[in-house]
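Structural overview for review
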Amino acid sequence: MTGAKRVLVLGGTNFDIIVQAENFPEEHEKMRGDACAARPGGSAANTALGLVRQGCEVRLVSAVGDDALGRLCLDDLLDGGVDTSLVRVDTAKRTSMAIVISSGTGKRMMTFPGADRDPAFGAVTEADVRAVDHVHVVGVPTPRLGHVVALARGVGRTVSVEWNGRDMSGLAKGPGLNLMNADEAARLPGALPGDPAGTARRYAERLSGEVILTQGSGGALWASPSGALVCEPTTAVEPVDRTGGGDAFNAGVVAGWLFGEPPSACMRRGLDAALHVITKIGAHP
Ligand SMILES: Nc1ncnc2c1ncn2[C@@H]1O[C@H](COP(=O)(O)OP(=O)(O)OP(=O)(O)O)[C@@H](O)[C@H]1O
Ligand SMILES: [Mg+2]
């Protein structure tokens, strides 16, 4: 297939409030942050914007509330070139939010779930799936999300799944990419203690799909069902704000893979995109 790769991204959109501080506050302590950003975010929205920057055509399936923050999120996506025609405006619930305290390598986050995106997943048709080359999924694996993934696999589309600390095996079987960080992989059922590469290989074989692990400043590794393993280092930095780093990495890896690049080049794209995001506060993917 030639031309830009078309990707359907399913998952969450929220409004982020990020404060950068030297430390995290103790009980009764009132701390002053060094910098603050209030901006649209959420893993699926960040990844969608990142994929556009990487040269893909992207349609997002998500939800926002019928409120000012939701409108900011939608405007941000449209400005960034994302097709928002499948983003549902939920009139019953407000836009989801995330509060983040970011301190160098540390990050504490609390999210407030709002607008319900499940009906947006339910509204995706086979024609919507046929209109794209690839489907990327991030978030809680609901039956409606599973239905879209099954539709995609049924018509021969590849699927990438961000695992985010959950066992996503149910959605992940078959050709495509599985993205997670090494700490999350270590907690998966059947993980090999102290052996991220072995765990990645085991899952790649079981799922018949590629497994890609990020290892913070240690770069990333890629295990294929054949048993092949590729490691890619990165430039270790002192992050300013890690919010969205994983999403930027995912966008780079997925785009590179859709363009037919080898694993090391895909990871290079992802790692460079992550460096760009984590060295600024509130940076765009
Ligand atoms: N200290 C660092 N130096 C260089 N790159 C880093 C550093 N910390 C994180 N990264 C990069 O940022 C990206 C995401 O970081 P990490 O591997 O910690 O995943 P994560 O915790 O799942 O991220 P997120 O919370 O955004 O999902 C990775 O691509 C990683 O290479
Ligand atoms: Mg992550």
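Going by the structure above, here's the rest.
In this text, all values refer to a predicted model and were calculated from it rather than measured experimentally.

With that settled, the discussion passes to the overall build of the protein chain. A tally of helices and strands in the protein chain yields 10 helices and 13 strands. For the protein chain, whose C-alpha radius of gyration is 18 Å, the value lies close to the compact-globule estimate of 19 Å for 285 residues. Considering only C-alpha atoms, the protein chain reaches an extent of 55 × 45 × 35 Å along its principal axes. Scored against the burial criterion, the 285 residues of the protein chain give a buried share of 47%.

On to the site of ligand 1, then. Around ligand 1, a shell composed of 20 residues is seen, among which Thr214, Ser217, Gly245, Gly246 and Ala274 lie nearest. Ranked by residue count, the leading element in the shell around ligand 1 is helix H10 (residues 263–278), at five residues. Residue composition of the shell around ligand 1, grouped by class: eight nonpolar, 10 polar and two charged.

Attention shifts here to the sheet that holds strand E10 (residues 176–181). Strand order in the open sheet formed by nine strands is E5-E4-E1-E8-E9-E10-E11-E12-E13, and the pairing between neighbours is mixed. Pairing within the sheet leaves two strands with one partner each, and these edge strands are strand E5 (83–90) and strand E13 (229–232). Sheet twist, expressed as the average angle between the axes of neighbouring strands with direction ignored, equals 15 degrees. When strand E11 (residues 210–214) meets strand E12 (residues 220–223), the two strands line up antiparallel, connected through four bridges. In the sheet register, Thr214 faces E12, and the bridge partner there is Ala220. On top of the sheet, helix H2 (residues 68–79) reaches strand E4 (57–65) and E5; it is set at about 175 degrees to E4, its chief contact. Across the sheet, helix H8 (residues 196–207) lies against E10, E11, E12 and E13, angled at about 35 degrees from E12, the strand it touches most.

This part covers H10. With 16 residues, H10 ought to run about 22 Å at 1.5 Å a step, and its terminal C-alpha atoms sit 22 Å apart, in line with that. Of all the positions in H10, only Pro263, Cys266, Met267, Arg268, Arg269, Gly270, Leu271, Ala273, Ala274, Val277 and Ile278 are classed as buried. Buried residues belonging to H10 abut helix H1 (43–53), E12, E13 and helix H9 (245–258).

Among the nonpolar cores identified, the biggest contains 72 residues, and Val9, Leu10, Ala48, Leu51, Leu60 and Val135 are the most heavily contacted of them. If you tally residues by element for this core, the top one is H9, at eight residues.

Tracing the sequence through the fold places Pro113 in the loop between strand E7 (106–112) and helix H3 (118–122). Along the chain, Pro113 and Val7 lie 106 residues apart, while their C-alpha atoms are 25 Å from each other.

This part is about unusual backbone geometry. A positive phi angle is found at Asn164, which is not glycine, with a value near 50 degrees. Considering the arrangement of structural elements, one finds Asn164 in the loop between strand E9 (158–162) and helix H6 (169–172). Among the residues examined, Asn164 registers 16 C-beta atoms within 10 Å and is labelled partly exposed. Positive phi, normally seen in glycine, also occurs at Ser208, with a value near 55 degrees.

The next subject is the sheet that holds strand E3 (residues 35–41). Read across the open sheet, the four strands follow the order E3-E2-E6-E7; overall the sheet is mixed. Two strands bound the open sheet, and with one partner strand each, they are E3 and E7. Strand-to-strand twist across the sheet, computed as the mean angle between neighbouring axes with direction ignored, equals 15 degrees. Two strands pair when backbone bridges link them, and strand E2 (residues 14–20) and strand E6 (residues 97–103) are joined in this way by six bridges, in the parallel orientation. Residue Val19 lies in a different strand from E6, and its bridge partner there is Ile101.

Reading guide: rules and limits
- Residues numbered from 1 in each chain as written.
- Chains lettered and ligands numbered in written order.
- Predicted model: local features only at pLDDT ≥ 70, side-chain atom pairs only at ≥ 80, totals over all residues.
- Helix = DSSP H or I, 4+ residues; strand = E, 2+ residues; numbered from the N terminus.
- Rg over C-alpha atoms; globule rule 2.2 N^0.38 Å.
- Buried ≥ 20, exposed ≤ 12 C-beta atoms within 10 Å, placed from the backbone.
- Near = placed C-beta within 6 Å.
- Nonpolar A, V, L, I, M, F, W, Y, C, P; charged D, E, K, R; others polar.
- Pairing = 2+ DSSP bridges.
- Axes fitted to C-alpha atoms, helices over the stretch in contact; angles between N-to-C directions.
- Contact = placed C-beta atoms within 7 Å.
- Expected span 1.5 Å × (residues − 1).
- Core = buried A, V, L, I, M, F, W, Y, C linked by C-beta atoms within 7 Å.

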